[in-house]
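Residues per chain are reported as follows:
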Amino acid sequence: RIKSVRDLSGVGQAVLNKLTEAGYSTLESIAVASPQDLSTAAGIPLTTAQRIIKEARDALDIRFKTALEIEQERASVKKITTGSQALDGLLGGGIETRTMTELFGEFGSGKTQICHQVSVNVQLPPEKGGLSGKALYIDTEGTFRTERIKAMASALGLEPKDVLQNIMSIRAINTDHQIAIVEELQDIIAKDNTIKLVVVDSITSHFRAEYSGRENLAVRQQKLNRHLHQLVRLAEIYDLAVIVTNQVMARPDMFYGDPTVAVGGHTLYHVPGIRVQIKKSRGNRRIARMVDAPHLPEGEVVFSITNTGIRD
Ligand code: ADP
Ligand code: MG
């Protein structure tokens, strides 16, 4: 099965390097390339270029489909409860598989708490809102806490030790490390089809720190975009849920529109998925706002962060 550029027939290390250098590092970029451009860029015969474009399109299932086929594909999407019926309702039933869900909001808004809760809930059986699956948790800020996992597990009547066993967490040290981890996920997930959730908390913090300043913006967006697309692909290929968090800063200088701006800039808006803004309200209350989902109405709901986790 073709899952990345290196799986295309006739793409050895030398051709792979040329393709990558020319910017054709993903199946998507090859699928939409012109055979002439690809042939020139990678120094491969036109017929080879045509063949790998066809292979990439087939692998991505890029073709006209009937609306009925599309409906059947959508019907296979599964949902993981967040612990709050209101939040689940906003999400159209819960965190979806085959989709990337972006949680953005200010520091302390509850993004990390939701990531912890869904990492626990994914382990529940389907009749209780889970997928009987495991979670992979990429922690870039060092905020993953087993205490929170145990408290959330106990509250659901789950054995805390079992729940801890089913969450694999890794601390990403910098952007290159974070990117490398996601590139390796493919192999890990291919070997373990019980992994049903991938969390990246946060997707943007290292990028922001390492590529600060206007002059670095273009490179940052390009790298981040590719990283996000890899995550989206994982979600689609392996029918799993991906949650990424994105801290936003208050922009007091902005008078119109929303006074908070997602740190990833507009990049995340070019990536398909669901975007939910989390805002602080009174005490442990939080407001979740559906910002941009292709099939869900915009709206706001209130939920709470409690000692036992996310609740109504
Ligand atoms: P973010 O990731 O958006 O910066 P967090 O998910 O870390 O924010 O949320 C932090 C908030 O979660 C804290 O301000 C607190 O209100 C709440 N919280 C964290 N731990 C607990 C707990 N054990 N009991 C109740 N609320 C908690
Ligand atoms: Mg956090």
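Keep in mind the model is a prediction, meaning the values are calculated, not measured. Here the residue numbers are simple positions, counted from 1 along each chain's written sequence. Whichever chain is written first is A, and whichever ligand is written first is 1; the rest continue in order. Per-residue local features are limited, in this predicted model, to residues with pLDDT of at least 70; the limit for side-chain atom pairs, both in listing and counting, is 80 or more; totals at the level of whole chains, interfaces and linings are taken over all residues. Computation of side-chain values: all heavy atoms of the structure, hydrogens and water removed.

Enquirer: Could you give me a rundown of the overall build of the protein, with the residues and numbers involved?
Expert: Elements are defined by DSSP. Helices are runs of H or I of four residues or more, strands are runs of E of two residues or more, and each kind is numbered from the N terminus. In terms of regular secondary structure, the protein is built from 12 helices and 12 strands. In this treatment the radius of gyration is a C-alpha quantity, and the globule benchmark scales as 2.2 Å times the residue count to the 0.38 power. Computed over C-alpha atoms, the radius of gyration of the protein comes to 20 Å, within 12% of the 20 Å expected from 2.2 N^0.38 for 312 residues, which places it in the range of a compact globule. If one aligns the C-alpha atoms of the protein with their principal axes, the spans along those axes are about 65 × 45 × 40 Å. Buried positions account for 49% of the 312 residues belonging to the protein. Partitioning the contacts of the protein with sequence separation of at least 6, the portion at a separation of at least 24 is 63%. About 15100 Å² of surface is accessible on the protein, with carbon and sulfur atoms providing 54% of the total. Charge centroids of the protein, computed over 38 positive and 36 negative side chains, lie 2 Å from each other. Here's how the labels work: a residue is buried when its accessible area is under 20% of the maximum for its type, exposed when over 50%, partly exposed in between, all with a 1.4 Å probe on protein chains only. Here, residues are in contact when the closest pair of their heavy atoms is within 4.5 Å. For every accessible area listed, the method is Shrake-Rupley and the probe measures 1.4 Å; residues are considered covered only by the protein chains on display. Charged residues are defined narrowly, with Lys and Arg counted positive, Asp and Glu counted negative, and His plus the chain ends left uncounted. Every charge is mapped to an atom, namely NZ of Lys, CZ of Arg, CG of Asp or CD of Glu.

Enquirer: If you had to explain the domain arrangement of the protein to someone new, which residues and values would you point to?
Expert: Domain segmentation is taken from an automatic or database assignment of domains. Taken domain by domain, the protein holds domain 1 (5–60) and domain 2 (73–311). Centre-to-centre, using C-alpha coordinates, domain 1 lies 32 Å away from domain 2.

Enquirer: With reference to specific residues and values, describe the packing of aromatic side chains.
Expert: Within 6.5 Å between ring centres, the rings of Phe, Tyr and Trp (the latter by its six-membered ring) count as paired, and their orientation is classed by plane angle as stacked under 30 degrees, edge-to-face over 60, tilted in between. Tallied over the entire structure, the rule returns two aromatic pairs. Between the aromatic rings of Tyr137 and Phe144, the centroid separation amounts to 4.8 Å while the plane-to-plane angle is 50 degrees, which identifies the pairing as tilted. The same class applies to Tyr137 and to Phe144, which are both buried. Their ring planes at 25 degrees and their centres at 6.4 Å tell us that Phe207 and Tyr211 sit as a pair that is stacked. The buried category is assigned to Phe207, whose relative accessible area is 1%. Residue Tyr211 is classed as buried on the basis of its relative accessible area of 13%.

Enquirer: Which residues make up the site of ligand 1, and what values go with them?
Expert: In the vicinity of ligand 1 there are 13 residues, among which Gly108, Gly110, Lys111, Thr112 and Gln113 approach most closely. Within 3.5 Å is the distance limit for a polar contact, defined as a pair of N or O atoms, with the added protein rule that one can donate a hydrogen and the other accept it, and that residues adjacent in sequence qualify only through two side-chain atoms. Between ligand 1 and Gly108, the relevant distance is 2.7 Å, taken from an oxygen atom to a main-chain nitrogen or oxygen of the residue. Taken by itself ligand 1 offers 580 Å² of open surface, and the protein chains cover 67% of this. Elements with a contribution of two residues or more to the shell around ligand 1: helix H7 (111–121) and strand E11 (299–306). Looking at the shell around ligand 1 residue by residue, the class counts come to two nonpolar, seven polar and four charged. Consider each residue's heavy atoms; a residue with any of them within 4 Å of a molecule or strand counts as near. Amino acids outside the nonpolar list (Ala, Val, Leu, Ile, Met, Phe, Trp, Tyr, Cys, Pro) and the charged list (Asp, Glu, Lys, Arg) are all regarded as polar, and Gly is one of them.

Enquirer: How would you summarise the environment of Tyr211 if you had to cite specific residues and measurements?
Expert: With respect to the helices and strands, the residue Tyr211 is situated in the loop between helix H11 (205–210) and helix H12 (217–238). A sequence separation of 20 residues divides Tyr211 from Leu231, and the C-alpha atoms of the two residues are 21 Å apart. Those residues within four positions of Tyr211 in sequence are excluded, and the remaining contacts are Thr175, Asn216, Val219, Arg220 and Lys223. Side chain to side chain, Tyr211 and Lys223 meet in a polar contact 2.9 Å long.

Enquirer: So what's going on with the nonpolar core? Residues and values would help.
Expert: General note: in soluble globular proteins, nonpolar side chains tend to be found buried as a group. Definition used in this section: a nonpolar core is a set of buried Ala, Val, Leu, Ile, Met, Phe, Trp, Tyr and Cys residues joined via side-chain atoms within 4.5 Å. Counting residues in each nonpolar core, the largest one holds 35 residues, and the members touching the most others are Leu87, Ile114, Leu197, Val276, Ala288, Met290 and Phe303. Per element, the largest residue contribution to this core is four residues, and it comes from H7. Setting aside chain neighbours within four positions, we find Phe303 in contact with Ser84, Leu87, Ile114, Ile278, Asn284, Arg285, Arg286, Ile287, Ala288, Ile310, Arg311 and Asp312. The next biggest cluster of nonpolar side chains, apart from the first, holds 27 residues, and it includes Ile189, Val200, Ala235 and Val244.

Enquirer: Tell me about the environment of Glu55, residues and numbers included.
Expert: In this structure, Glu55 sits in helix H4 (residues 46–60). In the structure, Glu55 is positioned 148 residues away from Ile203 in sequence and 31 Å away in space, judged by C-alpha atoms. Not counting residues up to four positions away in its chain, the partners in contact with Glu55 are Ile2, Leu8 and Ser9.

Enquirer: Tell me what's going on with the packing of H7 against helix H8 (residues 146–155), and back it up with residues and numbers.
Expert: For helices, the fitted axis covers only the stretch in contact; all axes are lines through C-alpha atoms, and the angles between them, taken along N-to-C directions, range from 0 to 180 degrees. Where H7 contacts H8, the axes come no closer than 9 Å and their chain directions differ by 50 degrees. As judged from the angle between their axes, H7 and H8 are oblique. Between H7 and H8 lies a crossing whose hand is right-handed. For the pair formed by H7 and H8, the contact residues are Gln113, His116, Gln117 and Val120 on the first element and Arg148, Ile149, Met152 and Ala153 on the second. Angles are sorted into four bins: roughly parallel if under 35 degrees, roughly antiparallel if over 145, roughly perpendicular if 65 to 115, and oblique for all others. Here a crossing is taken to be left-handed if its near helix is turned anticlockwise relative to the far helix by less than a right angle, and right-handed if that turn runs clockwise.

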